[in-house]
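# Residue-level structure breakdown
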Amino acid sequence: MDIGALGPVAALPELQRQAAGSTLIEHGLARCRQLKLPAVTAIGDPQCYGRFGVARADTREITCELSVPAEAFMIACSQAPQRGPALALPRGICRRVRA
């Protein structure tokens, strides 16, 4: 299954607290929806990404081949409403591939 990947996202110090990071995340998630990708993974701060409906991937039994803390590897279903029924994602390991 092809899915999107987002992050880590960062903003220059002079652009922080001006919604630059939030704008990047929103744009990335919107682009995944445009591409009709069923889900998107993210690596980063759970408090930051959690505001956008991204949650820990290990709660869905999905892990990452990269060496990152479990709480920093997250996933969101980009096609299903965040409060609606969850998209059935296969369990397993997310692997990087080049497009």
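The following refers to the structure shown. For every chain, the first residue of its written sequence is number 1, and the numbers climb from 1 along that sequence. Local features in this predicted model are restricted to residues of pLDDT 70 or higher, and side-chain atom pairs are both shown and tallied only at a pLDDT of 80 or more, whereas totals for entire chains, interfaces and linings draw on every residue. Just so you know, side-chain values use all the structure's heavy atoms and leave hydrogens and water out.

### What to know about the overall build of the chain
Stated formally: For helices the rule is a DSSP run of H or I covering at least 4 residues; for strands it is a run of E covering at least 2, with both sets numbered from the N terminus onward. Accessible area is worked out with a 1.4 Å probe on protein chains only. A residue is then buried under 20% of its type maximum, exposed over 50%, and partly exposed in between. Contacts are assigned to residue pairs that have any heavy atoms within 4.5 Å of one another. Per-residue and other accessible areas follow the Shrake-Rupley method at a 1.4 Å probe size, with only the shown protein chains counted as cover for residues.
Scanning the chain from terminus to terminus reveals two helices and six strands. Helices and strands in the chain line up, N terminus first, as β-α-β-α-β-β-β-β. In the chain, which comprises 99 residues, the share counted as buried stands at 31%. Summarising the internal contacts of the chain: among those between residues at least 6 apart in sequence, 68% fall at separations of at least 24. For the chain, the exposed area adds up to about 7,000 Å²; of that, 53% sits on carbon and sulfur atoms.

### Overview of the pattern of salt bridges
For side chains bearing opposite charge, pairing can occur when the charged atoms are close. For clarity, the cut-off: Salt bridges are identified by distance alone: a Lys or Arg side-chain nitrogen within 4 Å of an Asp or Glu carboxyl oxygen.
In the structure shown here, the tally under the stated rule is one salt bridge. As a salt-bridge pair, D58 and R56 come within 2.7 Å of each other at their nearest N and O atoms.

### A short note on the nonpolar core
Cut-off, in case you're wondering: Side-chain atoms within 4.5 Å are what join buried Ala, Val, Leu, Ile, Met, Phe, Trp, Tyr and Cys residues into a set we call a nonpolar core.
By size, the foremost hydrophobic cluster in this structure holds 12 residues: L6, I25, L29, C32, L37, V40, A42, Y49, F52, V54, M74 and A76. Looking at this core, the elements that each hand over two or more residues are α1 (20-34), β2 (39-43) and β5 (73-77). Among the elements that line this core, the one with the most residues is α1, at three residues. Once you skip the residues sitting within four places of it in the chain, M74 turns out to touch V40, T41, A42, I43, G44, D45, P46, Y49, V54, A55, R56 and A57.

### Here's the deal with the sheet that holds β5
Rule in force here: Here a strand pair is declared whenever DSSP counts at least two bridges between the two strands.
Strand order across the open sheet formed by four strands is β1-β2-β5-β3, with mixed pairing between neighbours. Strand pairing shows two members of the sheet lacking a second neighbour, β1 (4-6) and β3 (55-56), which therefore form its edges. Across two bridges, the pairing between β3 and β5 is antiparallel. Its bridge partner lying in β5, A55 is registered against I75.

### So, the pairing of β5
Taking burial as the measure, the five residues of β5 include five buried ones, the bulk of the element. Burial along β5 is two-sided: F73, I75 and C77 facing one way and M74 and A76 facing the other are all buried. Strand direction decides the pairing type here: β2 and β5, joined by five bridges, are antiparallel. Across the sheet, residue V40 finds its bridge partner in β5, namely A76.

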